[in-house]
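# Structural overview for review
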Amino acid sequence: MTNPLTDAHAVFARYEELRWRLPYWRGKAEEPLVVRDLSEVMDRYDAFVLDGFGVLNVGEAAIPGARERVAEMRAAGKIVIVLTNAASLASAGSVAKYQRLGFDFTADEIVSSRDVAMAAMAKLPAGTRWGTTPGGSMEGIDALPLETDPAPYLDADAILYLSGAEWDEARQAMLVGALQANPRPVVVANPDLVAPREGGLSIEPGAWAHALMDVAPDLDVHFFGKPFDNAFQAVRARLGNKTPPLHRIAMVGDTLHTDILGGAAAGWGTILIADHGIFRGLDVAPFIAASGIVPDVIAATT
Ligand SMILES: [Mg+2]
């Protein structure tokens, strides 16, 4: 990747560079309401749709106060849903992960980009062989792990960017060559460029998929997850007839170009959590001004 995504400035610049591939900004441009935490905006919304990384957890640690805030939402009768761009864990694994962190979410309350991708993939012909980036697994598909052997890169009927954990420049180069020789559809099960971890930012499948599109712009690449509407549709489908009026749903996230952009495009309210994600330690105002992606609310913490 030409732009090493090592800090918030680099990640922000890359998101702006590929902005034309993301949904159009449909939010307002009013001054955001600035609060300390979500307890101050509890009355404004009937449903809180919470991002994972940067809102509930950083890597394998829960964000202080997040568990208590979720309990407070439940006590106030709010709908609580987790909407996370994460692809490595199956639903049962996500429930277990949040339980380990001390949260009480049920499988019904967690929507991941992985689920959204799987639902779309299930509509494709049975027997499709998916060349899959290693580091996660997906049940019910015929997966060919893309590792050092070149054969699966050539044999796959379609490509699935599932995890970035074991992906690198050498494997990306093999994939680019294989797709340039024989174009096949590509599914991206996590559109994020990076995720905040305890030790810094990890490179996520979206970063690799956008790098692929830069050099092979004619490929058929399908992103599932925020900021794309399929993720927000999946939440509305999950809530069914309990879906509140759209402006009474809050998308709570730490990333302007996924959570806030997508939430606004869906017609929802938007809340940026500033202190734990990629903007940790920085003033978010210059990033908001430069992108024009203006959350309704900025909260320091969950
Ligand atoms: Mg996040």
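In this report, the structure presented in the accompanying data block is examined. (Residues numbered from 1 in each chain as written. Predicted model: local features only at pLDDT ≥ 70, side-chain atom pairs only at ≥ 80, totals over all residues. Heavy atoms only, no water.)

### Looking at the overall build of the chain
A count of helices and strands for the chain gives 10 helices and 16 strands. Here the C-alpha atoms of the chain give a radius of gyration of 19 Å, agreeing with the 19 Å that 2.2 N^0.38 yields for 302 residues. Across its three principal axes, the chain shows a C-alpha extent of roughly 55 × 35 × 35 Å. Expressed as a percentage of the 302 residues in the chain, the buried residues total 54%. Split by element, the accessible area of the chain, about 12400 Å² in all, is 54% carbon and sulfur. Here the chain contributes 25 positively and 38 negatively charged side chains, and the mean placements of these two sets differ by 5 Å. (Helix = DSSP H or I, 4+ residues; strand = E, 2+ residues; numbered from the N terminus. Rg over C-alpha atoms; globule rule 2.2 N^0.38 Å. Buried < 20%, exposed > 50% of the residue type's maximum accessible area, 1.4 Å probe, protein only. Areas by Shrake-Rupley, 256 points an atom, 1.4 Å probe, with all protein chains shown as cover. Lys, Arg positive; Asp, Glu negative; His and termini not counted. Charge placed at Lys NZ, Arg CZ, Asp CG, Glu CD.)

### Regarding the sheet that holds strand β7 (residues 129-132)
With parallel pairing, the five strands of this open sheet are ordered in space as β8-β7-β9-β10-β13. Of all strands in the sheet, those bounded by a partner on one side alone are β8 (142-145) and β13 (221-223). Each neighbouring strand pair of the sheet contributes to a mean axis angle of 25°, computed without reference to strand direction. Examined bridge by bridge, strand β9 (residues 158-161) and strand β10 (residues 186-188) share three bridges and lie parallel to one another. Paired with isoleucine 159 across the strands is valine 186, a residue of β10. (Pairing = 2+ DSSP bridges. Axes fitted to C-alpha atoms, helices over the stretch in contact; angles between N-to-C directions.)

### Thoughts on the coordination of the magnesium ion
Each donor-metal-donor angle in an ideal tetrahedron of four donors is 109.5 degrees, and each such angle in an ideal octahedron of six donors is either 90 or 180 degrees. Listed as protein donors to the magnesium ion are Asp51 (OD), Phe53 (O) and Asp254 (OD); their distances from the metal cover 2.0 to 2.2 Å. Expressed as a motif, the donor residue spacing for the magnesium ion is D-x1-F-x200-D. Taken as a pair, phenylalanine 53 in the loop between β2 (47-50) and β3 (57-58) and aspartate 254 in the loop between β14 (249-253) and α9 (256-265) lie far apart in primary sequence, 201 residues in all. On the basis of relative accessible area, aspartate 254 is assigned to the buried category, the value being 2%. (Donors = N, O, S within 2.8 Å, 3.2 Å for Na, K, Ca; no water.)

### Re the pairing of strand β12 (residues 200-203)
Sheet analysis places strand β11 (residues 194-197) next to β12, joined by four bridges and oriented antiparallel. Paired with alanine 195 across the two strands is serine 202, which belongs to β12. Connecting β11 to the next strand, β12, in antiparallel fashion are two residues.

### Quick look at the layout of surface pockets
There is about 400 Å³ of room inside the largest pocket. What lines the largest pocket is a set of 26 residues, among which Phe53, Ala86, Ala87, Ser88 and Arg197 lie closest to the centre. The leading source of residues in the lining of the largest pocket is helix α3 (residues 91-100), at three residues. Its residues assigned to classes, the lining of the largest pocket comprises 10 nonpolar, 11 polar and five charged. (1 Å grid on protein atoms, 1.4 Å probe; cavity = no way out; pocket = protein on both sides within 12 Å on 5 of 7 lines; lining within 4 Å. Points joined across faces, edges and corners; volume = space filled by probe spheres on them. Nonpolar A, V, L, I, M, F, W, Y, C, P; charged D, E, K, R; others polar.)

Take it as geometry only, folks, not as evidence of what the structure does.
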